[in-house]
Amino acid sequence: MEALKLDTSFAREIKEECGVDLFSCYQCKMCTSGCMVSSDMDHSPHALIKMVQMGKRNEVLSSSAIWLCASCETCTARCPQGIDFARAVDALRAIALRGKGPLKGRNVRIFNKVAMATIKKWGRMYEVGTTG
C-alpha cells in the first residue's frame, strides 16, 4: 500500500496570493453546509480545500466550483477556523486566469475579460449586455 505524499506547493501559492492558509482546515464541513450553491458544484467547498491540501492543482483549477462560487462569504462566516474561503476562491480564479491551470468551459477567459472591462469602464456589471 502506497503512502499518501503531501504536496504543499499549491497551498503555499494560494497563501502567497491571498494570505489564506488552507492547511488550518480540519474538514468540519461547515463551509459546505452553509453554501447555497454547493449542490451545483462538482466539488464542495470542503472537498476543494482537501484537494488543495493534497496538491491536486489541475483538478482544483479545472473545477466548475471555483466559477460557481457566489462569493457570498457564508462559508467564511461559518468557519470555526476563520478561513476566508471566498478569498481563496478569488485567488484560485486568478491563478486559473493567468494560465497556470486548465479552465473548465471554453468561454471563461472571454467572459472574464469582457466583465472586467465593463466594470472598469462603468463601475459595475451590465448584466443585460453579457447575456447571449
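To keep things clear, this report deals only with the structure shown in the data block. (Residues numbered from 1 in each chain as written. Predicted model: local features only at pLDDT ≥ 70, side-chain atom pairs only at ≥ 80, totals over all residues. Heavy atoms only, no water.)

Summed over all chains, the structure comprises zero disulfides. Summary of cysteine pairing: C69 is not part of a disulfide, and the nearest cysteine sulfur, belonging to C75, is at 5.9 Å. Overall, C69 belongs to the buried group, its relative accessible area being 14%. The buried category is assigned to C75, whose relative accessible area is 8%. (Disulfide = S-S within 2.5 Å. Buried < 20%, exposed > 50% of the residue type's maximum accessible area, 1.4 Å probe, protein only.)

With that settled, the discussion passes to the pattern of salt bridges. Per the counting criterion, the structure on display carries four salt bridges. Residues R57 and E13 are paired through a salt bridge, measuring 2.5 Å at the closest nitrogen-oxygen approach. Residue R57 is found in helix α4 (residues 57-61), and its partner E13 is found in helix α1 (residues 9-18); the two are separated by 44 residues along the sequence. Since its relative accessible area comes to 22%, R57 is described here as partly exposed. Given a relative accessible area of 16%, E13 falls into the buried group. Between D84 and R87 there is a salt bridge, with its nearest N and O atoms 3.5 Å apart. (Salt bridge = Lys/Arg side-chain N within 4 Å of Asp/Glu carboxyl O. Helix = DSSP H or I, 4+ residues; strand = E, 2+ residues; numbered from the N terminus.)

Turning our attention to the environment of K29. In this fold, K29 is placed in the loop between α1 and α2 (30-34). Linking K29 and R78, residues 49 residues apart in sequence, is a C-alpha distance of 9.6 Å.

What follows is about the nonpolar core. Counting 30 residues, the largest nonpolar core has F10, I14, L22, L48, V52, V60 and L92 as the members making the most contacts within it. Of all the elements in the fold, those that place two or more residues in this core are α1, α3 (45-53), α4, α5 (65-68) and α7 (85-97). If you tally residues by element for this core, the top one is α7, at seven residues. Beyond its immediate chain neighbours, meaning those up to four positions away, L22 contacts I14, I49, V52, Q53, I83 and A88. (Core = buried A, V, L, I, M, F, W, Y, C linked by side-chain atoms within 4.5 Å. Contact = heavy atoms within 4.5 Å.)

With 13 residues, α7 should reach 18 Å at 1.5 Å per residue; the first-to-last C-alpha distance of 18 Å fits that figure. Of the positions making up α7, those classed as buried are F85, A86, A88, V89, A91, L92, R93, I95 and A96. Just downstream of α7 lies G99, where phi reads positive at about 85°. (Expected span 1.5 Å × (residues − 1).)

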